Amino acid sequence: MIHNRVVALGFRIGCFVLIFLGLAIELNIFHGGMSFAAFMYYTTQSNLLALILFAVLICRTAKGLLQDGKIGKTGYFARFEMVCAVDLLLTLVVFWTLLVPFMTDDFPLWSFGNLSVHLIAPLLCLIDYILFTDARHLKYRDVYLVVIYPLLYMAFSSAAGLLGYVYRQSAEDGAPVRFPYFFFDFDRIGVQSILYIGALLIVFLLLSHGLYFLDRRVHKPTCQRDV
């Protein structure tokens, strides 16, 4: 792993800026057209989680640099970072496998904003975890922490839909859609949504088990000047 705090700090500041710009573009902040309805979507919330993660890492890395010098520990809050990485990776997996096939030709698939929230941000979280986090910081029970936020989000978004919150208009018939994603839409696909949700939970656990395997099996050099 990289033990240079200057490198870690620069990388994390760059990640924060890229994710912030991508999210701001997707939310149309720069043109004053931001809709708070966008915050109901998992993509938006997961990217906000990434911003929080990198803000925390920037502060902790800067503190380590100022107090303990250039060389030393650069991985902090390994469990939290693992959870964030997996939660963001699901954004990548779901978007590119379940949603892209149903996109219309006029959707800005290759725009910076879309790539940032659905590809760049998840990969940056994963790369930071791989580059800077010490090995053997995870316990097996930690792999199940990744499902806490998705389950809370599912309960929250489902409750909002059942209470009548309208996310958008259906492209097919113009009818209001009460759920943020088609695989949550109990109204339209019925019990099939349970299969989708179950499959997504399995993907979460496969990803977290993969990072746990990386943590336990892949050798990472340690730093003698570790604090």
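The structure we're discussing is the one just above.
The shown structure was predicted, so the numbers you read here are calculated from the model rather than taken from an experiment.

Colleague: Mind showing me how you'd approach the overall build of the chain here?
Modeller: In terms of helices and strands, the chain carries seven helices and two strands. Of the regular secondary structure in the chain, the N- to C-terminal order runs α-α-α-α-α-β-β-α-α. Relative to its full complement of 227 residues, the chain shows a buried share of 44%. Contacts in the chain between residues far apart in sequence, at least 24 positions, make up 75% of those at least 6 positions apart.

Colleague: Explanation requested: the environment of Leu66 in the structure shown.
Modeller: Mapped onto the elements, Leu66 comes out in helix H2 (residues 42-68). Through-space distance from the C-alpha of Leu66 to that of Arg5 is 9.6 Å; in sequence the pair is 61 residues apart.

Colleague: Please explain the packing of H2 against helix H3 (residues 78-99) as it appears in this structure.
Modeller: Each pair of packed helices gets described by two things: the angle between the helix axes and the distance between those axes. Here H2 crosses H3 at 150°, and the two axes come no closer than 10 Å. Regarding the angle of H2 to H3, the classification is roughly antiparallel. The two elements H2 and H3 meet at a crossing, and its hand is left-handed. Between H2 and H3, the residues in contact are Tyr42, Thr43, Ser46, Asn47, Leu49, Ala50, Leu53 and Leu57 and Phe80, Glu81, Cys84, Asp87, Leu88, Leu90 and Thr91, respectively. Of the residues that constitute the contact of H2 with H3, the class distribution is nine nonpolar, four polar and two charged.

Colleague: Would you take a moment to explain helix H4 (residues 112-132) for this structure?
Modeller: Helical geometry: 3.6 residues make up each α-helical turn, so side chains three or four residues apart lie on a common side. Between its terminal C-alpha atoms H4 stretches only 26 Å, short of the 30 Å expected from 21 residues at 1.5 Å a residue. Along its length, H4 reaches its greatest deviation from straightness, about 40°, at Ile120, and the proline Pro122 lies no more than four positions downstream.

Colleague: I tried to follow unusual backbone geometry on my own but got confused; where do I start?
Modeller: What you tend to see is this: most non-glycine residues have negative phi, and most peptide bonds are trans. In this structure, Phe77 takes a positive phi of about 50° despite not being glycine. Looking at the element boundaries, Phe77 is found in the loop between H2 and H3.

Colleague: It is not clear to me how the packing of aromatic side chains should be interpreted in this structure. Could you clarify?
Modeller: Aromatic rings in a pair are described by how distant their centres are and how their planes are angled relative to each other. Following the criterion strictly, the structure yields nine aromatic pairs and no others. Measuring from ring centre to ring centre gives 5.7 Å for Phe11 and Phe132, while their planes differ by 50°; the resulting arrangement is tilted. Pair noted here: Phe11 is in helix H1 (residues 5-26) and Phe132 is in helix H4, with a separation of 121 residues, a long-range link. Taken together, Phe95, Trp96, Phe107 and Trp110 form an aromatic cluster joined through their ring pairs. Lying across the ring of Phe132, Arg12 places its NZ or CZ 4.7 Å from the centre.

Colleague: I'm lost on the nonpolar core in this one. Help?
Modeller: Taken as a class, soluble globular proteins show a tendency for nonpolar side chains to be buried jointly. Grouped together as the largest cluster of nonpolar side chains are 46 residues, with contacts concentrated most on Met82 and Leu211. When contributions to this core are tallied by element, the ones reaching two or more residues are H1, H2, H3, H4, helix H5 (148-162) and helix H7 (192-217). It is H3 that contributes the most residues to this core, 11 residues altogether. Residues in contact with Leu211, not counting those within four places in the same chain, are Met82, Ala85, Val86, Leu126, Tyr129 and Leu138.

Colleague: Help me out: how do you make sense of the environment of Asp185 in this one?
Modeller: Among the secondary structure elements, Asp185 is positioned in the loop between strand S2 (176-177) and helix H6 (186-189). The exposure class of Asp185 is buried, given its relative accessible area of 3%. The spacing of Asp185 and Gly161 is 24 residues in sequence and 8.7 Å in space, taken between C-alpha atoms.

Colleague: Teacher, can you tell me more about the packing of H4 against H7 here?
Modeller: Remark: H4 packs on H7, axes separated minimally by 11 Å, with the N-to-C direction vectors making an angle of 20°. With respect to H7, the axis of H4 lies roughly parallel. Viewed along their axes, H4 and H7 form a crossing whose handedness is right-handed. Taken together, the residues of H7 that come into contact with H4 (itself represented by Leu126, Tyr129 and Ile130) are Leu211, Leu214 and Asp215.

Here is what the cut-offs are and how they apply
- Residues numbered from 1 in each chain as written.
- Predicted model: local features only at pLDDT ≥ 70, side-chain atom pairs only at ≥ 80, totals over all residues.
- Heavy atoms only, no water.
- Helix = DSSP H or I, 4+ residues; strand = E, 2+ residues; numbered from the N terminus.
- Buried < 20%, exposed > 50% of the residue type's maximum accessible area, 1.4 Å probe, protein only.
- Contact = heavy atoms within 4.5 Å.
- Axes fitted to C-alpha atoms, helices over the stretch in contact; angles between N-to-C directions.
- Parallel < 35°, antiparallel > 145°, perpendicular 65-115°, else oblique.
- Left-handed = near helix turned anticlockwise from the far one by under 90°.
- Nonpolar A, V, L, I, M, F, W, Y, C, P; charged D, E, K, R; others polar.
- Expected span 1.5 Å × (residues − 1).
- Bend = angle between axes of the 7 residues up to and from the residue.
- Phe/Tyr/Trp six-rings, centres within 6.5 Å; stacked < 30°, edge-to-face > 60°.
- Lys NZ or Arg CZ within 6 Å of the ring centre and 35° of its normal.
- Core = buried A, V, L, I, M, F, W, Y, C linked by side-chain atoms within 4.5 Å.

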